[in-house]
Amino acid sequence: MEVVSINSKRKEQIQEEEQKKAMLEVIDFIRQAIDQGVIKEFVACSIGNDGECQIHVAAMDLPGSIGLFEIGKHILISG
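Residue numbers restart at each chain and count upward from 1, following the sequence in its written direction. Totals for whole chains, interfaces and linings use all residues, but because this is a predicted model, local features are given only for residues with pLDDT of at least 70 and pairs of side-chain atoms are given and counted only at 80 or more. Water and hydrogen atoms play no part in the side-chain values, which are based on all heavy atoms of the structure.

Observations regarding the pairing of strand E2 (residues 53-58)
Item 1. A pair of strands is considered paired only if DSSP assigns at least 2 bridges between the two. Per the convention used, a helix needs a DSSP run of H or I reaching at least four residues, while a strand needs a run of E reaching at least two, with both numbered from the N terminus. Relative to E2, strand E1 (residues 42-47) runs antiparallel, the two sharing six bridges. Paired with Phe-42 across the bridge in E2 is Ala-58.
Item 2. Joining the antiparallel neighbours E1 and E2 is a turn of five residues, in which Gly-51 adopts a positive phi near 85°.

As structure tokens, this is what we get:
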């Protein structure tokens, strides 16, 4: 006899852990690229649990910051 249990909370927990792992892998990749001098400036978009969107910019100067911000905004809107 086989017992099958459906536990949606456990499934959601596993999906959340996989998502967290994937996000941390991206952060680690970016960190390594910065350490190696491959990335000089970057923009990142994020969405919090409350649905609030943020754009994070690390740039050398104001024009670069504005350009990266606009690219991040475009990616966030069209993504």
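With respect to a negative patch on the surface
Item 1. A surface patch of like charges, here negative, comprises Glu-12, Glu-16, Glu-17 and Glu-18.
Item 2. The topology assignment puts Glu-17 in helix H1 (residues 8-35).
Item 3. Residue exposure (1.4 Å probe, protein chains only): buried if accessible area is under 20% of the type maximum, exposed if over 50%, otherwise partly exposed. A relative accessible area of 44% means that Glu-17 is categorised as partly exposed. Only residues above 30% relative accessible area that lack a salt bridge enter a patch, with like-charged residues linked at up to 9 Å and the nonpolar side chains Val, Leu, Ile, Met, Phe, Trp and Tyr linked at up to 5 Å. Here the Shrake-Rupley method, with its probe set to 1.4 Å, supplies the accessible areas, and only the displayed protein chains count as covering residues. In the sections that follow, a salt bridge refers to a side-chain nitrogen of Lys or Arg positioned within 4 Å of a carboxyl oxygen of Asp or Glu. Asp and Glu are treated as the negative residues and Lys and Arg as the positive ones, with His and the ends of the chain left uncounted. Every charge is mapped to an atom, namely NZ of Lys, CZ of Arg, CG of Asp or CD of Glu.

Remarks on the environment of Ile-71
Item 1. Within the secondary structure layout, Ile-71 lies in helix H2 (residues 62-78).
Item 2. Classification of Ile-71 by relative accessible area gives partly exposed; the value is 45%.
Item 3. As a C-alpha pair, Ile-71 and Ile-55 span 16 residues in sequence and 9.8 Å in three-dimensional space.

Let's talk about the pattern of salt bridges
Item 1. Scanning the model with the defined rule gives one salt bridge in all.
Item 2. Across the salt bridge formed by Glu-70 and Lys-73, the nearest N and O atoms sit 3.0 Å from each other. Taken as a pair, Glu-70 and Lys-73 lie in helix H2 at a separation of three residues, close to a single helical turn.
Item 3. Relative accessible area serves as the criterion here: at 38%, Glu-70 is assigned to the partly exposed category.

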